[in-house]
Amino acid sequence: MLQSQWPSVLPNIVLEGSSHAPTGVFQWLDDDNSKTFYAMVDVEYHLPSPFVPTRQFRFLRCLKMIPPGVWVIVDLSEDYFPHTPDSPMKNRRRPSGMIIRTHDDSCEVIWIESVEVETCLDQNNIFSTMVNSNLAFCAKRWVSTFLQRLKRSVSSFTNLKIQVDHQAQAIMLKLTDRMEMIFFNCVSEAPSGYRWDIISDQGVRILRDKAVYNSHVLGYNTYVGLTSFRVPAKPLRVFNFLVKRNLELLWPSLLNAKEPEEVIKLVAEDSNCITLHRKVVPQNESTECYEYMLQEASKEEFCSFVISSPITQSDIKAAFSSAMITKYLKPSGFAIMPDGSKGLESDASLVTIAVQQDLDAAENGGAIEAMNNVIIAMIKEINEEVMSDGKTPSQS
């Protein structure tokens, strides 16, 4: 019922979410304040791609305990009810929801999703099949994502080479939560207008970060180049390749001399892996400091991703000493979705790439050309190497 937390818990599905007490005719709904709760919900769903418009919904949500230990949640778009004003929403949530039966250490869930959304009429859009089928909005997508997030929440350390306290696991999850939210917001069709300016949208979208805290890099602006493309290879194969090559593709400057050392590894079974990498950077003959790179690789049937961001030594110290989570992450990475109904074993993949760089381009035109060249070169390299025999990681 905490819709405001959906974007942080489900960033690859929910872009924005909020709720408020019912108004109008709905305020007279019977609420005994103990077993039944009502809320009017506004939510914006998305696929992680600039090619797929977000879908906005407004619906009434009811949470009710039936017998003890059994809860039902029912959603229904407000315009299904008589005596309500016409809704501005083009999408409708038909009767949907779930039944939850609690046990001592687990629960059973029946989940139903039923929505009306605008059809993707552009058959040249690589996401048209996914949107026009039930894959983009089905209950299985929600369940798969929830299960992955539950596994992630109980991750454990398999490598720990720096001194941290008992809060380290929670700190790593919060850092990567922040990194995910920034990444999935910028790859959405409707990125935050408070954070991003869209300066070009011709196949490769170029964003400029207008947050004030970037002004300390004198003469530089932060740009993001992003697009989506199809790879004729299984999502599992693409995911494995990008996990192995992510740092090399996105952050080649870190690998000039040798690969950065992995100092933290936090793993949830085989579905999620969070790592922190460190590299020594000489300042002068007598002093050294560290460059850090935070990375998360997450695998599930509907949307896997590999995301990484540089993070400063001072931000690492602040996080582990006083639980202060930085806002200054600049993630780049990949979202991998199946082009088909077989999940990770589908015959092709839909990949969204986002690369973030600081450029000293005097005009936007120079930045647009530079970021276009980066994205096009990277797509070519990924396609060639994923499809190349002998260079592809095992699918097993």
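As the structure is a computational prediction, the values presented were derived from the model and not from experiment. (Residues numbered from 1 in each chain as written. Predicted model: local features only at pLDDT ≥ 70, side-chain atom pairs only at ≥ 80, totals over all residues. Heavy atoms only, no water.)

## Quick word on the overall build of the chain
Right, so step 1: Counting its secondary structure elements, the chain contains 7 helices and 18 strands.
Right, so step 2: For the chain, the spread of C-alpha atoms along the principal axes amounts to about 75 × 50 × 45 Å.
Right, so step 3: Counting every position in the chain, which comprises 396 residues, the buried fraction comes to 50%.
Right, so step 4: Here the contacts in the chain between residues at least 6 apart in sequence split such that 61% fall between residues at least 24 apart.
Right, so step 5: Accessible surface for the chain amounts to roughly 19,500 Å². Of this, 53% is attributable to carbon and sulfur atoms.
Right, so step 6: Averaged over its 38 positive side-chain charges, the chain has a centre that lies 2 Å from the centre of its 48 negative ones. (Helix = DSSP H or I, 4+ residues; strand = E, 2+ residues; numbered from the N terminus. Buried < 20%, exposed > 50% of the residue type's maximum accessible area, 1.4 Å probe, protein only. Contact = heavy atoms within 4.5 Å. Areas by Shrake-Rupley, 256 points an atom, 1.4 Å probe, with all protein chains shown as cover. Lys, Arg positive; Asp, Glu negative; His and termini not counted. Charge placed at Lys NZ, Arg CZ, Asp CG, Glu CD.)

## Quick look at the confidence of the model for the chain
Residues shown with low pLDDT carry predicted positions that ought not to be read at fine detail.
Right, so step 1: Per-chain confidence: the chain averages 88 in pLDDT, with 91% of residues scoring 70 or above.
Right, so step 2: Per-element averaging of pLDDT across the chain places helix α1 (residues 6-9) at the bottom with 88 and strand β17 (residues 332-338) at the top with 97. (pLDDT = per-residue confidence, 0-100.)

## Digging into the sheet that holds β17
Strands belonging to one sheet form pairs held by backbone hydrogen bonds; the direction of such a pair is parallel or antiparallel.
Right, so step 1: Read across the sheet, 10 strands follow the order β9-β13-β14-β15-β16-β17-β18-β12-β11-β10 without closing on themselves; strand pairing throughout is antiparallel. With one partner strand each, in any of the chains shown, β9 (156-160) and β10 (196-202) form the two edges of the open sheet. Ignoring which end each strand starts from, the neighbouring axes of this sheet average 15° apart.
Right, so step 2: Both strand β16 (residues 304-311) and β17 contribute to a ladder of 5 bridges, which runs antiparallel. Looking at β17, one finds that Ser308 is bridged to Ser332. (Pairing = 2+ DSSP bridges. Axes fitted to C-alpha atoms, helices over the stretch in contact; angles between N-to-C directions.)

## Considering the side chain of Arg245
Right, so step 1: Among the structural elements, Arg245 can be located in helix α5 (residues 235-250).
Right, so step 2: Side-chain polar atoms of Arg245 contact the side chain of Glu381, separated by 2.9 Å.
Right, so step 3: In this structure, Arg245 is in contact with Glu381 and Glu385, ignoring residues within four places of it in sequence. (Polar contact = N/O pair within 3.5 Å; in protein donor to acceptor, adjacent residues only side chain to side chain.)

## Quick notes on the environment of Asp209
Right, so step 1: With respect to the helices and strands, Asp209 occurs in strand β11 (residues 204-209).
Right, so step 2: For the pair formed by Asp209 and Ser19, sequence separation is 190 residues and the distance between their alpha carbons is 29 Å.
Right, so step 3: Separated by 3.0 Å, the side chains of Asp209 and Arg195 make a polar contact.

## What to know about the sheet that holds strand β7 (residues 107-112)
Right, so step 1: With respect to topology, 6 strands assemble into an open sheet ordered β1-β2-β3-β4-β6-β7, the strand pairing being antiparallel. In this open sheet, the two edge strands, each paired with only one partner strand, are β1 (14-20) and β7. Here the average twist between neighbouring strands, direction ignored, is 20°.
Right, so step 2: Where strand β4 (residues 70-77) and strand β6 (residues 96-102) come together, 6 bridges link them in antiparallel fashion. Paired with Trp71 across the bridge in β6 is Ile100.
Right, so step 3: Here helix α3 (residues 139-153) sits on the sheet in contact with β1, β2 (36-45) and β7, set at roughly 145° to β7.

## Concerning the packing of α5 against helix α7 (residues 364-387)
Right, so step 1: Between α5 and α7, the shortest axis-to-axis distance is 11 Å and the interhelical angle comes to 135°. If you check the angle between α5 and α7, you find them oblique. Every pair of crossing elements has a handedness; the one defined by α5 and α7 is right-handed. On α7, the residues touching Arg237, Val238, Phe241, Leu242, Arg245, Leu249 and Leu250 of α5 are Met378, Glu381, Ile382, Glu385, Val386 and Met387.
Right, so step 2: For the contact of α5 with α7, the per-class residue count stands at 9 nonpolar, no polar and 4 charged. (Parallel < 35°, antiparallel > 145°, perpendicular 65-115°, else oblique. Left-handed = near helix turned anticlockwise from the far one by under 90°. Nonpolar A, V, L, I, M, F, W, Y, C, P; charged D, E, K, R; others polar.)

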